[in-house]
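# A look at the structure
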Amino acid sequence: MHPIVVDIKKKNFTSNSSDRIFTAIENLKFELLENEFTCIIGPSGCGKTTLLNAIAGLDNDFDGSINIKKTNPSELHSSYVFQTPRLLPWRTVMENIQLAAGDNHSVPFIINTLQHLGLGNNMNSYPHHLSLGMQRRVAIARAFSVQSRLLLMDEPFVSLDPSTAKKARELLLNLWREQPRNILFVTHDLNEAFELADRILFLSDSPSHVIADVQITSPRPERTPQFLDNFKNQLSIKQPHIHQFL
Amino acid sequence: MHPIVVDIKKKNFTSNSSDRIFTAIENLKFELLENEFTCIIGPSGCGKTTLLNAIAGLDNDFDGSINIKKTNPSELHSSYVFQTPRLLPWRTVMENIQLAAGDNHSVPFIINTLQHLGLGNNMNSYPHHLSLGMQRRVAIARAFSVQSRLLLMDEPFVSLDPSTAKKARELLLNLWREQPRNILFVTHDLNEAFELADRILFLSDSPSHVIADVQITSPRPERTPQFLDNFKNQLSIKQPHIHQFL
Amino acid sequence: MMLRSSLFNSTLSLGLLLVIWQLASLSINSPALPSPILVLSTLNQAIQSAELLHHLGITLLRLATSFFLAMILGTAIGLILGRHHKLNTFFDSWLIILLNIPALVTIILCYIWFGLIETAAILAVVINKLPNVIVTIREGARNLDDPLIEMAKAYHFGRYKTLVHVILPQLYPYIMASARTGLALIWKIILVVEMLGRSDGMGYQIHLFFQLFDIASIMAYTVSFIVIIQLIETALLKPLDKKTQRWK
Amino acid sequence: MMLRSSLFNSTLSLGLLLVIWQLASLSINSPALPSPILVLSTLNQAIQSAELLHHLGITLLRLATSFFLAMILGTAIGLILGRHHKLNTFFDSWLIILLNIPALVTIILCYIWFGLIETAAILAVVINKLPNVIVTIREGARNLDDPLIEMAKAYHFGRYKTLVHVILPQLYPYIMASARTGLALIWKIILVVEMLGRSDGMGYQIHLFFQLFDIASIMAYTVSFIVIIQLIETALLKPLDKKTQRWK
Amino acid sequence: STASLSEAKAPIKISVLKFGTVNWTLETIKKEKLDTQNGFELIIQPLASTQAGKIALQANAADIIVSDWIWVARQRGFFKDYLFFPYSSSAGSIVVPKQSPIHSIEDLIGKKVGIAGGGLDKNWLLLRALALRKNINLEAGIDKVFGAPPLLNGLMKQGELDALINFWHYSARLKAEGYREIINTHGIIEQLGIRRTLPILGYVFSEKWALENATVLNKFLIASQEAANLLCTSDEHWTAILPLTRTQDTAKQQLLRHHYCDGRINHFSDAEKQAIAHIYSILADIGGKQLVGSTTQFDTALFWTAHQP
Ligand SMILES: Nc1ncnc2c1ncn2[C@@H]1O[C@H](COP(=O)(O)OP(=O)(O)OP(=O)(O)O)[C@@H](O)[C@H]1O
Ligand SMILES: Nc1ncnc2c1ncn2[C@@H]1O[C@H](COP(=O)(O)OP(=O)(O)OP(=O)(O)O)[C@@H](O)[C@H]1O
Ligand SMILES: [Mg+2]
Ligand SMILES: [Mg+2]
């Protein structure tokens, strides 16, 4: 059985002001394998955040179903790096993370994560005193500190400088190896997706659905820039309709 | 005379909670030539937003001076794409832009800009009904619709998909050609900087100052991927201390 | 559909209240808690005699005048104090004093100063309500969203545009809290003001009834006022809420 | 430094107020507006006779009890109504009724129901203040930041953590507005409650003075209460403001 | 043994205005131990407003309060079994400044007149009734200013009012300051053709309580009269309650004592009851339904008769 099965028939938004109904998602279906690292790529405004919100259980107002297999009832089913940091401004960095991590948090782990992300000196700062990039990193550290079956990440590494982003990616892969889980990773950066993912789902413009489902089987260390160029070229030949993303 | 002269001797932040003083900027100096397109690259948290806020006149609490030559007193001295969209949630997309553009706005121009950015159908939407990437595009359209001597852009094109980002870059260059002005463009994406800028300022970690000032003189159409690779290689030989950014 | 269900809902809710009232009045069995039927028949008589409408009209006029004066002044002053730290520390103790002067004192002073005239009555009400508006709005003004205000500054919105498009929408919940509690508070103050020195209005009448311990009439008058407030709420405030919160 | 300058500031501000008061009392020249000197000497006498402190103490006890009851209940109910649309539409009219019942009516009913006892007095005050707290907090609860609440939901904060770490900090300005206006409002209600059925307390005394038209004593008593409130403000609310707003 | 004796004393709870004249009487009873000597224990609950007493009675927190017979009649209309026992005939009056050109009711026309107690005040209603007999419509003819009694006194002293109809202890204070009385309630009643001094205020209690406690009630009523007589005859006793008058001015004190003693009831018979019933019908005419409710006919059964002075 697949640990996560997503089958959204239709997700509509009605704006209060007008009676216009906007269909953000239509017939979007996929199944994830155990501990698969899946990237999602799609044009801005196609419905990626909407999809993640539905999977996280924040939005139940859609036609269709989302099934997540529970192995351990006490475990959080998902943790979520939102597209904006969403930190509690009245709590320090450390408090923000501990609140989310709950009782089974380990302070050394949190400190270690923060240090890897370059926030070793800011553990007791309030979010308002951090730059936006730093706030995003706190949000990443928060998600990493929570043990969950599924990690949802909505463009987590934008507005980080390349070297910090690189460290963050390494940290993510390490975490994933040590505590395997399903990861759904939204990004606009194809290279990032190629570097990280087992599988990439390409979404269409809204009403969005999956237009290409690409597996990347080569082990990550072998994914050199050259390999990626080749892979891209093959893909644009085999799947010409996703040319716009390549 | 240079139209813009920045000379920040020291910018300190004191957090209310502790008496710790944090120096974000120290001895940061540069002068811009008339209508120069300048990119700023620096690690996350180094002080780029702080610098832009100071130049925009939002933060006057620093040692040093910022001089902006005024040619036309009625003209706005700067318009600013903030790092977050900062739209008024209770105003529609169109209203948000018109409010900023003031009386000398031209509705056709605004509509044209919105359409180029893929927001033709959302002119009367409220920001809460847009995806984050769409909100960012509204903020970009807002800045473009205001006539100003200086355009400040704080990572404007992150979380846009590649094709939208490409359109936005083209739009920006067109605007700049038609209404020449100084542009200060913060980005973490070196390729973006190479593609757009006349000049790139590399900032150090905080307390930040300029550690490299690179001119790119070749005309933009000639900046092919190959050219950029060469340029990067040369740079890493000539200025090894900015290796981390390359 | 929405309308029908909300009508149904409020009928149910009022019905339940009436039942509770009836039961309470049966259990207490005292003229101090007349049954709803008695109160409604008293109300009916009072309406027929045109007396109620006369006094209600006068009180509503006073209410409207002092409400708008207090809200406009209070919002302006509250905003200024909330945004200017220095002014606030200077006037803070004045505000506390104004807040805590018993209504009696201000009312007496107004009447003594200006005589038993309409201006004095309205001024007394405004003085009593004003500090509450100021304090509430000030709290709101302290918690404005700085990024949006910076945006307004960067784009040179100017005072007027910043106020109308950036600040007031953020103050809206505070203004509404102030308005909703304010109508009630002003009504209560007017009762005292009219009791102490007017020859008409609901407060004057209610006080007469109180001297006679005629609680049924007091309640009948109260009911008539509450109906008005309920009308204001459904016809003005609720739609305003809807309109201004459309963006959510 | 800060402390010294703020002390200087408030001395200046109070000084100015005293000067205005003195001028006004000279210009009006009536026993209805006694000069500050007369009021202070009356205050001094009242303190010496121990009478003032006795009544002040009793009133403060009533004030504290009913304040905390009203704030806690009101915050809870306001939050629930603000977050649950259906409950709110059901109880909205109850709230409007409760808001607009004249203090007189509730006070009489409480006394008649429970007798002229302390409980009745405190209950009457709570009933009068409660709807104001509810309305203010409800407005705040309607305007909570949804992204943060979603975050709390995504990370399974649970009820308690969400309340303490996500919701209450956002309600803080509304709670403070409610508390600041609330102390004043409760004090004003207590004045009436004590007038109508207690044999001690500030309200009892002030009304006795009113019958004798002894405004100087009324003001002396008022001043003593305002001093207490000012103390609460500087020793409790201001530091609380500072502490909770530290993150800004 | 004295303790057990005093425990046996029946308590009587009475709610009165702290600085009202009734409290002078009650304090004298307490000081002279007229209560314990007569087998009851008087518990005085001082209150700050007349309305508070009425609430106390309704809430069964007081056995006895002080009010007038109009209120009792009205309450009986609400099925309350309240009874009235006359205590004082002190009544309100109309005062004007000494130099005022106003000398009679006719002169009031077109003047600004303060009226304490609102539109249903008995003094005001009786005055209107009298004026009507002279074909004067005061309701329309004067500039009425209703207000709280102390506030009106204050405004009078400020010269804001031409004349003032106020309760007797407020009028007394003004008179002590040289203000002139045009006419008082008794004068009005007399001109209306009733030549008797009628009680206005009295003790009010519920019939049920009175029947259950008839003995002590009667003893209390006698003690009350005794105490009042003591205050009027003995300077020593008068000096003892002086603080309750709340005035340092000896002229005012004398005037207050004079009025207090004049107001004592020494005769109350069926003739007085009939007269009251007559006045009630006049009041009912003028004040209308709002004043008297459904009780248009005065019920003389509201007087407590077990004890006759
Ligand atoms: N209000 C503040 N109080 C204290 N420190 C602050 C405050 N604002 C910013 N800082 C500090 O100043 C430094 C620079 O912040 P700034 O926002 O300018 O960074 P940035 O270069 O824009 O980073 P990013 O790329 O992440 O946006 C950061 O280290 C931050 O912690
Ligand atoms: N509350 C809402 N009401 C109406 N429409 C909405 C609402 N939320 C989102 N939408 C619409 O749904 C579509 C998808 O939004 P979503 O936020 O999921 O996009 P996205 O794929 O995450 O885009 P981005 O990459 O820009 O973040 C958008 O076109 C947006 O306009
Ligand atoms: Mg998104
Ligand atoms: Mg920044």
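Placed above this text is the structure.
## Things to note about the coordination of the magnesium ion (ligand 4)
Residues and elements named next belong to chain B. Donor atoms from the polypeptide that bind the magnesium ion (ligand 4) are T49 (OG1) and Q83 (OE1), placed at 1.9 to 2.2 Å. With T49 in helix α1 (residues 48–55) and Q83 in the loop between β5 (76–81) and α2 (93–101), this residue pair connects regions lying 34 residues apart in the sequence. Overall, the relative accessible area of 12% leaves Q83 in the buried class.

## A word on the relation of the copies chain C and chain D
Note that the two copies of the chain are related through a rotation about an axis and a translation along the same axis. The transform that puts chain C on chain D rotates by 180 degrees and translates by 0.0 Å along the axis, for an RMSD of 0.1 Å. Such a combination of turn and shift is consistent with a two-fold rotation axis. For chain C, the smallest separation between a C-alpha atom and the rotation axis is recorded for Y174 of chain C, amounting to 3.9 Å. The overlap is high: 100% of the interface residues of chain C also sit at the interface in chain D, so the same surface is used on both sides.

## Details of the interface of chain B and chain A
Listed as interface residues are 26 residues of chain B and, on the opposing side, 26 residues of chain A. Here chain B packs against chain A, burying approximately 1,900 Å² in sum over the two surfaces, 55% of which is carbon and sulfur. For the pair chain B and chain A, the interface holds 0 salt bridges. At the junction of chain B and chain A, the tally comes to 5 residue pairs in polar contact (both at pLDDT 80 or more). By residue number, the principal contributor to the side of chain B that touches chain A is helix α4 (residues 132–145) of chain B, which donates 4 residues. Counted by class, the side of chain B that touches chain A contains 7 nonpolar, 15 polar and 4 charged residues.

## Brief notes about the side chain of S159 of chain A
Note that S159 of chain A resides in the loop between β6 (148–154) and α5 (162–178). Using a relative accessible area of 7% as the deciding quantity, one classes S159 of chain A as buried. If near-sequence neighbours (up to four positions away) are discounted, S159 of chain A is found in contact with G133 and R136 of chain A together with S44, Q83, E155, V158 and H188 of chain B.

## Examining the sheet that holds strand β6 (residues 112–116) of chain E
Residues and elements named next belong to chain E. Strand order across the open sheet formed by 5 strands is β7-β6-β8-β5-β9, with mixed pairing between neighbours. With partners counted over all chains shown, the strands left at the sheet margins are β7 (143–147) and β9 (180–184), one partner each. Adjacent strand axes in the sheet meet at a mean angle of 25 degrees, parallel and antiparallel pairs treated alike. Where β6 lies against β7, 5 bridges are found, and the strand directions are parallel. Note that in β7 the partner of V113 across the bridge is K144. Strand contacts of helix α6 (residues 122–133): β5 (93–96), β6, β7, β8 (163–166) and β9, with the helix running at about 120 degrees to β8, the strand carrying the most contacts.

Cut-off values and rules
Residue numbers restart at each chain and count upward from 1, following the sequence in its written direction. Written order determines the labels here, with chains lettered from A and ligands numbered from 1. Restriction of local features to residues with pLDDT of at least 70 applies here, the model being predicted, together with a cutoff of 80 or more for giving and counting side-chain atom pairs; totals for whole chains, interfaces and linings are based on all residues. As a rule here, side-chain values come from all non-hydrogen atoms in the structure, and water together with hydrogens is ignored. Note on donors: an N, O or S atom is included if it sits within 2.8 Å of the metal, or within 3.2 Å for Na, K and Ca, and water is never included, so sites can look incomplete. To qualify as a helix, a DSSP run of H or I must reach at least 4 residues; to qualify as a strand, a run of E must reach at least 2; elements of each kind are numbered from the N terminus. Under the scheme applied here, a residue whose accessible area is under 20% of the maximum for its type counts as buried, over 50% as exposed, and between as partly exposed, the area being computed with a 1.4 Å probe on protein chains only. Least-squares fitting of one copy onto the other uses the C-alpha atoms of those residues that reach a pLDDT of at least 70 in both copies. Two residues form a contact once any of their heavy atoms are found within 4.5 Å. A quick way to say it: buried area is the sum, across both parts, of accessible area lost when two parts are put together, with a 1.4 Å probe. When a carboxyl oxygen of Asp or Glu is within 4 Å of a side-chain nitrogen of Lys or Arg, the pair counts as a salt bridge. Side-chain atoms alone can form a polar contact between residues adjacent in sequence; in general such a contact is a pair of N or O atoms within 3.5 Å, and within protein one must be able to donate a hydrogen while the other accepts it. Polar here means any residue outside two lists: the nonpolar Ala, Val, Leu, Ile, Met, Phe, Trp, Tyr, Cys and Pro, and the charged Asp, Glu, Lys and Arg; Gly therefore counts as polar. Should DSSP find at least two bridges between two strands, the strands are taken to pair. Every axis in this analysis is a line fitted to C-alpha atoms, fitted for helices over the stretch in contact. Angles between the N-to-C directions lie between 0 and 180 degrees.

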